[in-house]
Structures are given as structure tokens and as C-alpha cells.
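Structural description and commentary
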Amino acid sequence: MTTPRHRQITYPLTAKPDVGEWQHIDEDLVWLRMPLPITLGSVNVFLLRDGDGWAAVDTGMQTPDCQAVWERARDEVLGPDGATRVLVTHMHPDHVGMAGWLCRESSARLWMPRLEYFLCRILVADTGREAPTDGVAFYRAAGLNDEEVARYQNLFGMFGRVVSTMPDAYVRVTEGDMFDTGHHRFEVLSGNGHSPEHACLLDRERNLFIAGDQLLPTISSNVSVWPTEPDANPLAGWLDSCHRLREALPEDVLVLPGHGKPFTGAHERLTQLIDEHEKGLAAITDACASPKRAVDLFPQLFKSPITDANRTMATGEAVAHVNYLLATGDLEIDDVRDGVRFYKQS
């Protein structure tokens, strides 16, 4: 007999803060919407009552607008000493960008997974460097044209311009860790695929799950292969993470996501995410009845138009699906012409 699926995703909070503002979810938890200068528009930051002060979970991108919000939050919520500690779920700029600044302003320690911390340090160090030949070769192999490759080269090294200088020391966060704020106890659950070692926080007593980008209510987190590891298989890690979280999380847990509104229905949302990628994999396999480049597979994965703003992420996600199918044996490399790879059904 098939187990009935929980089919309802609900949004139990009746109000949400405006971008740049905050509100209490309960007396020990604050939801802050940090402005972003990108399409997403905002990222959710959560403040946890920590002893006599407040810990920050994620920070926003290094911009004057984010800094201004943090300065107001220090005056109105955190107190003059700032954050007690800064926990970062993962190394993407909208989550880690203000972490170094906030740590220095607050004399707080940075808490972060090891892979996320060191990869962030490496990417910040790339600022001002010329795009590597391996990166150019990666995007040419995927099928980008000369103009699109040139755009990648021009934008290379932008990461460090929106991430403040990272602290030279940090506290490692890893799967299974437990930490106590003096008010509540949190368990670390890890995922990967969207980033190498994404940390999420589960408060079993209050039935809250701070999910970062590991579980979003309406959009699917980007799962990409990047030029630094062109043969990686992040989609396998992503799907495994979704299955593990579906087993680990209570069905009625309140999910506090990195983007969008807090919601319930984690099991159903995780099932949707798994199904979405499985459908994409099947569509790509069918499309590759005749040889295809990675960029030819955008229609099988994306409903929205691919533009200059999202082309490298779309390319990375297409390659992630191809690499998954190469690993399962459903696809093979048919040919390489002028550095461009073509894939076909095995």
C-alpha cells in the first residue's frame, strides 16, 4: 500500500517584515529581511536570543544598504555590543557577505562549516585575478559562445567585492553538533549540492528548522558544477540531502528559509524538489537521443528565459544534470568538437 503524501504547504505567519525591517517570531527569535541588489530582492536573516544578547544566522551581502540595516539593528535589537556570535549557513555572498564586518563590529566569533569557510576564503582571494584558462575551457565545453565566455571573463573575481574580509579564525560547525544559547538548543543538520557543506539548524523543542537555502518554499536552489571541479556530481549530493532531510525532519516543522516566507509542509516540499530534478533528468535523457551540448538542454530544465544575468548558473546546473547521468551510465560523451562536448544516450 502506498503511504499517503502530505500535500499541503502552508504559510502560518500572517505578517512579514518589509525589506530592511524585522519582526519577532517569538520572544527569542527575530526574522530580518536584508535587502539584496539582485533579482531575489532580499535574504532572510534570523536573530536568536543568546544568553543576554543575540546571535545572527546569516548576514546579507556586503553593500551599504545591508550595513545600514545592521547598524539600525544594533541600535534597536542587538544592543551596543552587537551580535554574540555569527553563524553562517553557507558561503554564498547573500549569506556570508557581511559576516566579517559583523564579527569585527561585535567582537564576535564566526561559526561556519569548514568547507564553506575555506572555499569562501579562496573565492575572496580570487578578487582582481584574471579568469583562469580552466574556467574558459569549462564554459566553452558547455557550449557558450565567444561573447558569453568574454562576459564570464569580465565578471570573474566579483565574489570578493560583495563579501567583507573574512575573520582569520572561526568555530567549525558540522553535522550532529549541538549548541545551547541558554534559551534553546539547536542541532546541526548538513546538506550539500547547493553548496559543499550547508549547515541547517533544528530546534526540536520549538519545532523550528532554520534552513538557509537547503529548503526553500517556492524556488529550487541552484545545483551547479563550477570550473574548479568540472567533473563533480553535486546533484547526487543534493538528492541524497533531500531524502535525508525528509527522514530527519518532523512533518509539521516550521521551516525558516533563506528566501521566501516561513512555511510548513517540509516533507511535501522536499518531495517536490526531488520530483522536479528527476523529471529534468528524464527530459535530458530523452533530448539526448541526438547529440546535445549542455547549453542545448536549458529548455528541459528551466521555464524562465536564460539571460546574461543567469547564464553561468544555468550552465552549471545543466552540467550538474549531465554529470549525474554520466555517472549513472544513462549518457555518454558522443564527441568533442573544437573543445565543445556533445552528449548522447548510452
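Residues numbered from 1 in each chain as written. Predicted model: local features only at pLDDT ≥ 70, side-chain atom pairs only at ≥ 80, totals over all residues. Heavy atoms only, no water.

**Remarks on the pairing of strand β10 (residues 198-203)**
Filter applied, for reference: To sort residues, take the accessible area from a 1.4 Å probe on protein chains only and compare it with the maximum for the residue type: under 20% means buried, over 50% means exposed, and anything in between is partly exposed. Per the convention used, a helix needs a DSSP run of H or I reaching at least four residues, while a strand needs a run of E reaching at least two, with both numbered from the N terminus. Two strands pair under a simple rule: DSSP has to find at least two bridges between them.
Counting buried residues along β10, six of its six residues qualify, which places the element largely inside the surrounding structure. Residue alternation in β10 divides its side chains into two sets, His 198, Cys 200 and Leu 202 and Ala 199, Leu 201 and Asp 203, and both sets are buried. Pairing geometry for strand β9 (residues 185-191) and β10, over five bridges, is antiparallel. The residue of β10 that forms the bridge with Leu 189 is Cys 200. Where β9 folds back onto β10 in an antiparallel hairpin, the turn is made up of six residues, including Gly 193, whose phi is positive at roughly 115°. Two strands pair when backbone bridges link them, and β10 and strand β11 (residues 208-212) are joined in this way by three bridges, in the antiparallel orientation.

**Remarks on the sheet that holds strand β5 (residues 85-87)**
Heads up, the condition is: Contacts between residues were defined by any pair of non-hydrogen atoms, one from each residue, lying within 4.5 Å. Axes, fitted as lines to C-alpha atoms, cover a helix only where it is in contact. Angles between the N-to-C directions of the axes lie from 0 to 180 degrees.
Strand order in this open sheet of seven strands is β1-β2-β3-β4-β5-β6-β7, and the pairing throughout is mixed. Looking at which strands have only one partner, the edges of the open sheet turn out to be β1 (22-26) and β7 (171-172). Across five bridges, strand β3 (residues 42-50) lies against strand β4 (residues 53-57) in antiparallel orientation. Pairing of Leu 48 across the sheet is with Ala 55, part of β4. Helix-sheet contacts for helix α4 (residues 114-125) involve β6 (109-112) and β7, and the interaxial angle to β6 is about 115°.

**Some details on the nonpolar core**
General note: in soluble globular proteins, nonpolar side chains tend to be found buried as a group. Quick reminder of the rule: Residues belong to one nonpolar core when they are buried, are Ala, Val, Leu, Ile, Met, Phe, Trp, Tyr or Cys, and are joined through side-chain atoms within 4.5 Å.
Membership of the largest hydrophobic core comes to 36 residues, with the highest contact counts inside it found for Leu 47, Trp 70, Val 86, Leu 110 and Met 112. Looking at this core, the elements with two or more residues in it are β2 (29-35), β3, β4, α1 (64-78), α3 (99-106), β6 and α4. If one sorts the elements of this core by residue count, α1 sits on top with six residues. Not counting residues up to four positions away in its chain, the partners in contact with Leu 47 are Asp 28, Leu 29, Val 30, Trp 54, Ala 55, Ala 56, Trp 70, Val 77 and Leu 78. Ranked by size, the runner-up nonpolar core spans 29 residues in total, among them Ala 211, Val 255, Leu 273 and Leu 325.

**Quick notes on the packing of helix α5 (residues 133-142) against helix α6 (residues 146-155)**
Defined as follows: A clockwise turn of the near helix away from the far one marks a right-handed crossing, whereas an anticlockwise turn of less than a right angle marks a left-handed crossing. Polar here means any residue other than Ala, Val, Leu, Ile, Met, Phe, Trp, Tyr, Cys and Pro, which are nonpolar, and Asp, Glu, Lys and Arg, which are charged; Gly is therefore polar.
Interaxial distance between α5 and α6 falls to 10 Å at its minimum, and their mutual angle equals 145°. Remark: the crossing between α5 and α6 carries right-handed chirality. Residues Gly 135, Val 136, Tyr 139 and Arg 140 of α5 form the contact with α6, whose own contacting residues are Asp 146, Val 149, Tyr 152 and Gln 153. In terms of residue class, the contact of α5 with α6 is made up of four nonpolar, two polar and two charged.

**Observations concerning the pattern of salt bridges**
Where we set the bar: By definition here, a salt bridge exists when the distance from a side-chain nitrogen of Lys or Arg to a carboxyl oxygen of Asp or Glu is within 4 Å.
By the definition in use, this model includes 17 salt bridges. One salt bridge in this structure joins Arg 140 and Asp 146, with 2.8 Å as the shortest N-O distance. Overall, the relative accessible area of 31% leaves Arg 140 in the partly exposed class. Between Glu 332 and Lys 344 there is a salt bridge whose closest N-O contact spans 3.7 Å. Placement of Glu 332 in strand β13 (residues 331-337) and of Lys 344 in strand β14 (residues 340-345) is noted, with a sequence separation of 12 residues between them. Judged by relative accessible area, which is 32%, Glu 332 ranks as partly exposed. Classification of Lys 344 as partly exposed rests on a relative accessible area of 27%. Put simply, Asp 26, Asp 203 and Arg 206 are held in one network by salt bridges that share partners.

**Digging into empty space enclosed by the protein**
Defined as follows: Only protein atoms enter the calculation, which uses a 1 Å grid: trapped sets of points that fit a 1.4 Å probe without letting it out are cavities, open sets showing protein on both sides within 12 Å along at least five of seven lines are pockets, and any residue with an atom within 4 Å of a point is a lining residue. Grid points are joined across faces, edges and corners, and a volume is the space filled by probe spheres set on the points.
In the structure shown here, the tally under the stated rule is two cavities of 30 Å³ or more. Roughly 60 Å³ of internal volume is contained in the largest cavity. The wall of the largest cavity is formed by Leu 87, Val 88, Thr 89, Trp 111, Met 112, Pro 113, Val 173, Ala 199 and Leu 201. Split into classes, the residues belonging to the lining of the largest cavity amount to eight nonpolar, one polar and no charged. Its volume calculated, the second largest cavity comes out at about 40 Å³. Surrounding the second largest cavity, Trp 70, Glu 71, Arg 74, Leu 78, Gly 82, Trp 101, Leu 102, Glu 105 and Ser 106 form its lining. Residue assignment for the lining of the second largest cavity shows that the elements contributing at least two residues are α1 and α3. Grouping the amino acids of the lining of the second largest cavity by side-chain chemistry returns four nonpolar, two polar and three charged.

**Here's the deal with the packing of aromatic side chains**
Counted only if it meets this: Aromatic rings from Phe, Tyr and Trp, taking only the six-membered ring of Trp, are treated as a pair when their centres fall within 6.5 Å; an angle between ring planes under 30 degrees marks them as stacked, one over 60 as edge-to-face, and anything in between as tilted.
The full count for this structure, using the stated rule, is nine aromatic pairs. Taken together, a centroid distance of 5.9 Å and an interplanar angle of 90° make the contact between Phe 118 and Tyr 170 edge-to-face. Of the two residues, Phe 118 is situated in helix α4 and Tyr 170 in the loop between α6 and β7; the sequence distance between them amounts to 52 residues. Accessibility expressed as a relative area gives 44% for Phe 118, which makes it partly exposed. With relative accessibility at 17%, the residue Tyr 170 sits in the buried group.

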